[in-house]
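Understanding the architecture of this molecule
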Amino acid sequence: LHADAAYMFVRGDLVPEAPTLAGVRMAYPVWSGLVFEAIHSYLVQTPPQVTYVWSNLFLLIAVCGLAAGVAKELGGGLAAQASSGIFVLLGTNPVGYLLVNLIPLHKLPQIWGDERYTPWVNKFMLFGPMTMGIALTMAIIYLLARPGSLRREALIIVGLLLCSIGLFYPLLFPSACGVL
């Protein structure tokens with residue numbers, strides 16, 4: 001779905017067509033993240049599917065590293081720092097994920113939670129711009145968790161990260177504002 005839009009941007013279509021509906025303009029608010037992947041794909045001369053894999057891998061490592069940094073800044077020991085990335089990637093409902101796989105209820109699968117968000121690492125396996133927003137939000141959390149982080153320079157960086165979230169994945173902008 002998102003790779004099609006990246007190809008359209010590379011071809012010069014400024015307002016891409018919906019990949020599943022020919023002739024209908026894409027009514028999706030996350031175009032700028034797709035433009036980023038299109039430019040990335042064009043610059044490295046590889047298909048968007050390949051650049052998504054490398055971008056998502058880099059962002060996954062960044063999120064795990066930032067989670068370890070937050071654990072360290074909050075006084076966590078080495079075990080907390082090492083396991084923080086794993087716990088972040090389990091998502092908001094690891095128990096629900098285990099219950100869905102152990103005791104499936106075919107008539108009411110949503111009773112254990114939404115499978116799209118559990119485990120959270122699944123977001124990094126899809127071709128979409130949400131991973132950029134997740135990494136930027138994690139960077140904001142890390143900067144705010146650091147002692148003495150409310151200096152002018154750090155606040156400028158936090159503001160730029162917040163603007164970047166609004167640009168690359170506006171659906172996470174309200175939650176990033178909530179972090180502040």
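Worth saying up front: this structure is predicted, and the values here are computed from it rather than measured.

Here is what the cut-offs are and how they apply
- Residues numbered from 1 in each chain as written.
- Predicted model: local features only at pLDDT ≥ 70, side-chain atom pairs only at ≥ 80, totals over all residues.
- Heavy atoms only, no water.
- Helix = DSSP H or I, 4+ residues; strand = E, 2+ residues; numbered from the N terminus.
- Buried < 20%, exposed > 50% of the residue type's maximum accessible area, 1.4 Å probe, protein only.
- Phe/Tyr/Trp six-rings, centres within 6.5 Å; stacked < 30°, edge-to-face > 60°.
- Contact = heavy atoms within 4.5 Å.
- Core = buried A, V, L, I, M, F, W, Y, C linked by side-chain atoms within 4.5 Å.
- Salt bridge = Lys/Arg side-chain N within 4 Å of Asp/Glu carboxyl O.

As for unusual backbone geometry
Keep in mind that most residues, glycine aside, have a negative phi and that most peptide bonds are trans. A positive phi angle, close to 55°, is found at Gln45, a residue other than glycine. On the secondary structure map, Gln45 appears in the loop between α2 (31–44) and α3 (48–73). Note on Gln45: relative accessible area 63%, which makes it exposed.

Some remarks on the packing of aromatic side chains
In total, this model carries 1 aromatic pair according to the counting rule given. A ring pair is formed by Phe36 and Phe168, whose centres lie 5.7 Å apart and whose planes are at 80°; its orientation type is edge-to-face. Highlighted residues: Phe36 in helix α2 and Phe168 in helix α7 (residues 152–168), separated in sequence by 132 residues. On the accessibility criterion, Phe36 (32% relative accessible area) is partly exposed.

Examining the environment of Ala154
Inspection of the secondary structure puts Ala154 in helix α7. Expressed as a C-alpha distance, the spacing of Ala154 and Ile140, which sit 14 residues apart in the sequence, is 9.7 Å.

Topic: the side chain of Thr137
On the secondary structure map, Thr137 appears in helix α6 (residues 130–145). When near neighbours in sequence (up to four residues on either side) are disregarded, Thr137 contacts Ile165, Leu172, Ala176 and Val179.

Observations concerning the nonpolar core
Ranked by size, the top nonpolar core spans 26 residues in total, and within it Val63 and Ile134 carry the most contacts. Elements supplying a minimum of two residues to this core: α3, α6 and α7. Here this core gets 9 residues from one element, more than from any other, and that element is α6. Those residues in contact with Val63 that sit more than four places away from it in its chain are Val88, Trp120, Phe124, Ile134, Ala135 and Met138. Residues Ala5, Met26, Leu34 and Ala38 belong to the second largest nonpolar core, which totals 7 residues.

What to know about the pattern of salt bridges
Enumeration according to the criterion identifies 1 salt bridge in this entry. Its salt-bridge partner being Glu153, residue Arg151 comes within 3.6 Å of it at the nearest N-O pair. On the basis of relative accessibility, which here comes to 53%, the residue Arg151 falls in the exposed class.

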